[in-house]
Each structure stands twice: as C-alpha cells, then as structure tokens.
Amino acid sequence: MDLLQQLAFQGLNGLIWGLILALMALGLNLIYGVLGIINVAHGAFYMLGGVLTWYLWYLAPWGFWWGLLLAPALVGLLGLLLERGVLRPVEGRPVMTIIVTFGLLLLLQHGVLLLFGGAPRSLPEPVRFTVGFLGLHYPGYRLVVALLSVVAMAALWLLLHRSRLGLWIRATAQSRELATALGLPVPWIYLLTFGLGAALAALAGALTAPLVSVSYRMGEEVLIEAFIVVIVGGLGSLGGAALAGMLLGVLEGLFTVWASPVLARVLALAALGGALLLRPEGLLGKRSGSGEEAR
Amino acid sequence: MLYNARVKGMGMKMKMGMEMEMKKLTRREFLKALVGAGAGLALGLGVPLRAGAHARAGAAAETIRIGHQVDLSGALAIYGYWQDRALRAAVAELGEIAGRPIELYTEDTASSPATGAARLRKLIQQDRVDFVIGSQHSGVCKASLPIAKELQTIYFPLGEATELTSKWGNRYSFKVNHTVRSHVQVSYRWAVENLGKRWTIVVADYAFGRSHAAEWPPRIAEEGGEVLSTIAIPLEATDFVPYLAKIDVKNTDVLLYVFPGGSVVRFIEQAASLGILERVNLFGVICSIDGIDTETIPALEGSWYVSNHPRLHEEVPEKLREYDAHLRRAVGVDERGHELGGPRTVTGSHYWYAWEALHLLKRAVEECGWRSKEDNPVLIETLEGLAAEAGYGFPQGALFIRAQDHQGFHDHYIERVEGGKLRVKLHFPKEEAVYPPEVDYTKGA
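Quick caveat, the model's predicted, so the values are computed rather than measured.

### Quick look at the nonpolar core
- In this structure, Met24 and Ala202 of chain A are the most contacted members of the largest nonpolar core, which totals 220 residues.
- In terms of residue count, the dominant contributor to this core is helix 1 (residues 3–35) of chain A (18 residues).
- Both of domain 1 (54–180 + 351–410) and domain 2 (181–324 + 331–344 + 417–421) of chain B provide at least three residues apiece to this core.

### Overview of the interface of chain B and chain A
- With 26 residues of chain B in contact, the opposing surface of chain A contributes 23 residues.
- Among the elements of the structure, helix 2 (77–94), helix 7 (241–244) and helix 8 (264–273) of chain B are those that each provide at least two residues to the side of chain B that touches chain A.
- With four residues, helix 8 of chain B is the largest single contributor of residues to the side of chain B that touches chain A.
- Grouping the constituent residues of the side of chain B that touches chain A by class yields 15 nonpolar, seven polar and four charged.

### Here's the deal with the domain arrangement of chain B
Residues and elements named next belong to chain B.
- Domain annotation for chain B reports domain 1 (54–180 + 351–410) and domain 2 (181–324 + 331–344 + 417–421).
- Contact with domain 1, which involves 29 residues of that partner, is made by 26 residues of domain 2.
- Counting residues per element, the ones that place at least two in the side of domain 1 that touches domain 2 are helix 2 and helix 4 (138–150).
- At six residues, helix 2 tops the list of elements feeding residues into the side of domain 1 that touches domain 2.
- Of the residues assigned to the side of domain 1 that touches domain 2, the class counts are 15 nonpolar, ten polar and four charged.

### Re helix 11 (residues 376–383) of chain B
Residues and elements named next belong to chain B.
- Among the residues of helix 11, those classed as buried are Leu379, Ile380 and Leu383. Looking straight down helix 11, one finds that the buried residues subtend no more than 100 degrees of arc, so they occupy a single side.
- In the segment just after helix 11, Gly385 is the residue with positive phi, at about 85 degrees.

### Comments concerning unusual backbone geometry
All names here are of chain B.
- We note that Ala98 has phi near 55 degrees; this positive angle belongs to a residue other than glycine.
- With respect to the secondary-structure elements, Ala98 resides in the loop between strand 3 (96–97) and strand 4 (100–108).
- The backbone of Arg128 sits at a positive phi, close to 55 degrees, despite the residue not being glycine.
- Of note, Arg128 is situated in the loop between helix 3 (113–126) and strand 5 (131–133).
- The class of Arg128 is exposed, set by 12 C-beta atoms lying within 10 Å.

### Digging into the packing of helix 2 (residues 42–59) of chain A against helix 9 (residues 219–233) of chain A
Residue and element names in this part refer to chain A.
- The N-to-C vectors of helix 2 and helix 9 enclose an angle of 135 degrees; their axes lie 8 Å apart at closest approach. Overall, the two elements helix 2 and helix 9 adopt an arrangement that is oblique. As helix 2 runs across helix 9, the sense of the crossing is right-handed. Side by side, helix 2 and helix 9 meet where His42, Gly43, Ala44, Tyr46 and Met47 of the first sit next to Gly219, Glu220, Val222, Leu223 and Ala226 of the second.
- Its residues placed into classes, the contact of helix 2 with helix 9 shows six nonpolar, three polar and one charged.

About the criteria used
Residues numbered from 1 in each chain as written. Chains lettered and ligands numbered in written order. Predicted model: local features only at pLDDT ≥ 70, side-chain atom pairs only at ≥ 80, totals over all residues. Core = buried A, V, L, I, M, F, W, Y, C linked by C-beta atoms within 7 Å. Buried ≥ 20, exposed ≤ 12 C-beta atoms within 10 Å, placed from the backbone. Helix = DSSP H or I, 4+ residues; strand = E, 2+ residues; numbered from the N terminus. Domains from an automatic or database assignment. Contact = placed C-beta atoms within 7 Å. Nonpolar A, V, L, I, M, F, W, Y, C, P; charged D, E, K, R; others polar. Arc of directions from axis to C-beta. Axes fitted to C-alpha atoms, helices over the stretch in contact; angles between N-to-C directions. Parallel < 35°, antiparallel > 145°, perpendicular 65-115°, else oblique. Left-handed = near helix turned anticlockwise from the far one by under 90°.

Put into structure tokens, the structure is as follows:
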C-alpha cells in the first residue's frame, strides 16, 4: 500500500474504534454527569454485551442481530437493578463509587468466568463484504459498526435534546436540588440514566464482539481508554467525550502508518495528555468546574 | 446571662445528643460493615475460581504432591485446558509413584506471568508440593524459573522459548518438550526451498514469539532467503487489522505466523478478509492453530505447520498408534482430535507434554529412590540424560533429556491442512532437532 492508502486505511480503522470508544465514553459521562458515579464497572457492561451476543449467536440463527437488540436491553435492566440495589447509597460521592463499582466489576467478571469459562471465543462477522476505495479492500462489517455507532449516538442526542426524559436528565445533571424542588422524579431519572449508560456500553460490546475475542476480561482495555477519553473530552461533556474518542481513534490509526500499533497507541495517548495539559478542563469541558453539566 | 446559660445549656444538650446520635450510628454502621464484610468474605472464599481445584487422593502423609501451574484462563486457556486434562488422566492412571499416592494441586496462571509466578509460590510454599509441572506460557515460565531455583523445587516448564533452557534455565528445570530452536532447525531448509525466499514474520509479542523472531532470520538468511519484516502483535490484541495492513503482501512469498491461542481465528479471518492469504504461502508453528478446529476455517486450507504430534490418529506413525489410542482414550479425545462429549478440539501437538512429564518423573523417582526434597540432587542427576522409549507413558515417541541443559528432544513433523484436516507430509527424527547446548547445568547453577 502506498502512503495515501495506508493513511486512509489506518485512519478509517482508527475512526471506527474511535466511534466505539465514543459510545463507551458517552455512557460513562452520562452516568457521571447525572448520578455522580465514576462507573468502573462500565467495562463489565461492555463485556456482558459481548458475552450475551456470543451466547445468542451460538444458540440461534440470526443470533447476532438479536444480540444487538437484546444484549443492551438486558444489560440496561441489570443496570437498573444495580443502581437501585447497590449504588444508591453512594451516589454523589465519587470516591465511594469507584470502590463500589470496582467491586461490581470483579463480581461480574468472575461470574462470567464461572459460566462462560476462561478461554476467549470468537464469533464471525455477521455480514461479509469488502468495500473498495482508493485501491483498498476494507472489511465491510466495520463500516456497519461505524454506521450503527453513529445512529446510536444520534438517537442518544435526540433523546437528550428532543424528549422530555432527556430534558429531565439534563436538568438533573445541572442541579439535583433544583430538579427535586421542581418536582422531577429524580430517583427514576437516576435509575433510567444508569440503565441507559449501561446499555450503551453493552451495545459497544455487542458491536465489537465479531471483531475481537470475547472473553471475561475484554472490557479492561476499553475501560481505561474510555476513562481517558472522558477526562480529555471534559468530564460531564458528552460532545467532548465523543470528540475525544474519535480523536484518539484516528490519531492512533494515523500513527500506526509509521509506528507499530503499540507505539502508535502510546503516541496517541501522549498527544491526548498534551491536550489535557493545554486545556485541563477537557476539550469541551466547562472552566467553571462544576463538572456536573451534561450537554 | 440567664439567656446565655440557657443557650449554653441547650448547646451542651444538643452536643451530647449529637454525640449519642453519632455513637448510635457508628455502632450500627460498624455492625453493618461487619456483616457486610463477613458476607463478602464468605462469598469471596466460596466462589470457586478456576484456580485451586484440588484433587486429593487421600491426604495421607505418604503422598507425593504434584503441583500443576496451568493456564486455565486467558490467552492460552485452550492449551491449559488440555494440559490439565492430560495430567489428571495421567494421575488417575498411575495413581502412585514409588508406592506413594499422588496428590495433584492445580493453580491457574490466567496466562499472566505475574499471576503464574505468584501461584507457583503458593504451590510450593503453601501447598508444599514436591514437584511442579509448569505453564505453557513462556513468559510465565521465565518468571517462574528463578522461583523454582530459589525454592529448590524441580520444575517442568512447558513453554517453548529457546531461552528457557539456556539463558533463563537452571538445574531445577527440566523440559520434556522442544524449544523454538528445534522447531526452526528441523524445518527451515525445507521451508525456504519449498515455500519461498522472501518472508514476513508475524509473532505474538511475548517470550515465545520473540524467541521465534530471533531464531528464524539467521537460518533463513543461511539458505539464501530474506526476512522483509517482523511484526510483533500483543498476545491480548483483539483487532489485527492495523498489524496486517503492515504486511508487504506484494513482495512476500511466505507469511510465517506464530500466534498461539484462541485469537488466532480472528487473525486468520481478518487476514483473509484483507485478501492477504490468497497471495502468500501461510506457514506456521503448530502452536498457531493447535486447539483450533481447522475444518471450520476455510482460509486455513493449504497452510503448512511444523508440529510435534499428528492431530489425526490415522496420521500417527504405525508404531505409535497403539500408544496414541491409549492417550486419547485416557484424556477423552476421539480419532479426529475432537473432545468426547464436548465442543473443543485437542491441542494434539501439546497435550502430551504433561502426561509424559509425569511419567518421566515417576521413572526417575523410582530409579533413584527419591524420598523427599533432600534427595533432589540425586533425582536431578537421574533425570539428566534420561531417555525413554515410545510406550503408553510416552505416546509421542522416544524422548531423551540432554544432561547439560536439561532439554528434551523428540520427533517433529511437517503437516498441511488439506480438506480441512491436518495431514503429515514429513517426519523428522529427534536427532535432527538437536543443536549445541548453550549452558551446562551439570556444573552447578
């Protein structure tokens, strides 16, 4: 491949991963912005999305597509239960939430280890085609992933900005006290937001399941990157998270043209670290530092 | 003043009230925390993690304790699964060593050097095992070898990096299975002559893969070939496309891939989807597809492997078939290499390691009259240079342990995927696998 082809290829690949990261980061940010929870278990929700999709693929024809629908729904439901049952006492106290959600992560991981086993498993891409451009053949399913990610993000935006629930979520993120005073059902909003965030993570996991090996630890790497993206994008800023996610992905892809992918990741993260030094509040974060505003 | 006194009085009452409040809460919360911690502890201890599955054959003081440091989860889980089964089958069959019942202690490395090393310590120091059969993961082996030496416990690393019996080895380690150097040595001439002169090498980026990355290029150059590039991929990598895109497909004749574990399916499929496999000769060490059902991956058709033992029973040399059948029966594998009553494919080239290691250990212990770890020096001398003929204990074939570096040598094969099945094309006797030793443990160390 010549340089232009390489750039296009790796850049596109990076963008697709960036979109997945953005999905993860959006869920994380939503949960933090509204509930004040730093959700370390987010990686486990991603993993559950992948594992459930694998099971559905294994058990049923068209299983993958069912997985894409059911895995986020089921994990979202789990999120509801966890918010109500486990997390409510520690909401608003970020340090405690780290500890509690870390415990959840361990429980969920080892639960899956018990049931699913320790060996990574694969499922095939549900659609096999390549798209030719610039003399390259790019695997078609990845483009489907990109498309579906964008659709999910657009749907999220619509929910947040064009629906009453979205209005309530944003209001609660701005000020819980005022929202309560105005009569909003804040406990329900918390419940649904956490479930929504978990569902987004599971969707990301379901989408990537055919691209990676599904295993009980598959959420670990993505989680760290998602946190980085959330901080760099601006804690509480959804637009920032999406932007930072895509930026990280694309940068990593472009650097891969000249460096090994491992080094490319180091360089991309360093670049993001540099961005954070220049704008400590994050790319699109608010300087006023309340950190609770969800856009 | 009165007013002040009253306020002060109220203040004091309030303060006392609050303190009592606080005390009440503190005690209640303390009790809650205690119950919670107790429940958590019970849950933690009760949850049967993969590790710590102990098979005790009657915990009498006379038993011989064998530790198995095995990769039951993580990247090399498929290898660990079969090593575990094979060792359990060997323990079940032998039952005793020198009249003493065998107790097996199993710990999961999680395919991680840090975890594996910690579990080794646990096996030796807490479970007080007499011998350890080690991990398949060369990185775990590397981390474990110094510990085996420190704790003076004989250790059988099942990894394959050449350095395990040179730079990193010591008197306490014995390897029944080949090193990377043997694999390279038996096959490089054939490969350059028959597959092509221009190579791209893709390896898993850890001890085992790096051993390959070091061993192949000089040998290929010897035969007049050249290595265009070496690409290292982390063992836990999930998306291979960024790495695959770096292969110079136009100029590559041979794509050598050394990538053990379940992720290789993903690697192959992604390579196929990028059109790479149609244009190169795919050559690997068997570690890249052992445990993988070749019939379900059309992209593997026509690929070549240097292997240690045929996966199909019908491909096993005539004189070994009886022993091979016995091993399969004992471990629960059918003639095609599929798990009986399960979905897995056997790691046919690897799963005999643990089986033969135990049989070799039994022979050595019984020969020298070993009774406790104090007799280790004598046992070590017995193992050095020990040779075994093909038999039920050694179904892979004749084996010998070289005295200087405690390295085992055995036969190898070249196999090719044809019609989805691995077919033997060449058979190399163990003498061809021998290379000069780099160390001499007989002189100490």
